[in-house]
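Analysis of the macromolecular model
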Amino acid sequence: MKLKKDINISELLKDAQKCEHDVYLMTDDGDRLNLKSTLSQYVLVVLAGNRDVLRATELVCSPEDEEKLSYYTEE
């Protein structure tokens, strides 16, 4: 699921913590950042400074958690 253009990163991270399963941000290079990991959260904050790079990522989560994060993704 592609992220919307102007999302609130801190709210995304809070909602990712509420998910039952892991939530990943996948880069074009194939890197997977687990948004429940503190280190990955720091990386996401740095990526947020470059919106073009952030828009090239995809949010990956379990079907059970998709509804919780649907506000941040494009349909």
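Anything mentioned here points back to the structure above.
So, a few notes on the structure that sits alongside this text. Just so you know, these numbers come straight off a predicted model, no measurement behind them.

1. A look at the state of the cysteines
In this structure the tally under the stated criterion is 0 disulfides. In this structure Cys 61 is not part of a disulfide, and its nearest cysteine sulfur, from Cys 19, lies 6.1 Å away. For Cys 61, a relative accessible area of 13% gives the class buried.

2. Here's the deal with the nonpolar core
Among soluble globular proteins, nonpolar side chains are generally buried collectively. Residues Leu 12, Leu 25 and Leu 35 are the most contacted members of the largest nonpolar core, which totals 19 residues. Mapped onto this core, the elements with two or more residues apiece are helix 1 (9–18) and helix 2 (38–48). The element that contributes the greatest number of residues to this core is helix 1, accounting for 4 residues. Setting aside chain neighbours within four positions, we find Leu 25 in contact with Leu 3, Asp 31, Arg 32, Leu 33, Leu 35, Leu 44, Leu 47, Leu 54, Thr 57, Glu 58 and Leu 59.

3. Thoughts on a negative patch on the surface
A contiguous patch of negative charge, built from Asp 28, Asp 29, Asp 31 and Glu 58, is present on the exposed surface. For Asp 28, the location among the structural elements is in the loop between strand 1 (24–26) and strand 2 (32–34). Given the relative accessible area of 64%, Asp 28 is considered exposed.

4. Comments concerning a nonpolar patch on the surface
A cluster of nonpolar residues, Leu 39, Tyr 42 and Val 43, forms a patch on the protein surface that exposes about 330 Å² of accessible area. As for its placement among the helices and strands, Tyr 42 is situated in helix 2.

5. Focus on the side chain of Asp 15
Following the sequence through the fold, Asp 15 ends up in helix 1. Here Asp 15 falls in the buried class, since its relative accessible area comes to 18%. Dropping the residues within four chain positions of it, Asp 15 is found in contact with Lys 68, Leu 69 and Tyr 72.

6. Looking at the sheet that holds strand 2
Two modes of strand pairing occur in sheets, parallel and antiparallel, and in both the strands are linked by backbone hydrogen bonds. Spatial strand order, 2-1-3: 3 strands in an open sheet with antiparallel pairing. Each edge of the open sheet carries a strand with a single partner, namely strand 2 and strand 3 (58–60). Going across the sheet, the axis of each strand differs from the next one's by a mean of 30 degrees, ignoring polarity. By the bridge criterion, 3 bridges tie strand 1 to strand 2 in an arrangement that is antiparallel.

Criteria and thresholds
Residues numbered from 1 in each chain as written. Predicted model: local features only at pLDDT ≥ 70, side-chain atom pairs only at ≥ 80, totals over all residues. Heavy atoms only, no water. Disulfide = S-S within 2.5 Å. Buried < 20%, exposed > 50% of the residue type's maximum accessible area, 1.4 Å probe, protein only. Core = buried A, V, L, I, M, F, W, Y, C linked by side-chain atoms within 4.5 Å. Helix = DSSP H or I, 4+ residues; strand = E, 2+ residues; numbered from the N terminus. Contact = heavy atoms within 4.5 Å. Patch = residues over 30% accessible without salt bridge, like charges linked within 9 Å, V, L, I, M, F, W, Y side chains within 5 Å. Areas by Shrake-Rupley, 256 points an atom, 1.4 Å probe, with all protein chains shown as cover. Salt bridge = Lys/Arg side-chain N within 4 Å of Asp/Glu carboxyl O. Lys, Arg positive; Asp, Glu negative; His and termini not counted. Charge placed at Lys NZ, Arg CZ, Asp CG, Glu CD. Pairing = 2+ DSSP bridges. Axes fitted to C-alpha atoms, helices over the stretch in contact; angles between N-to-C directions.

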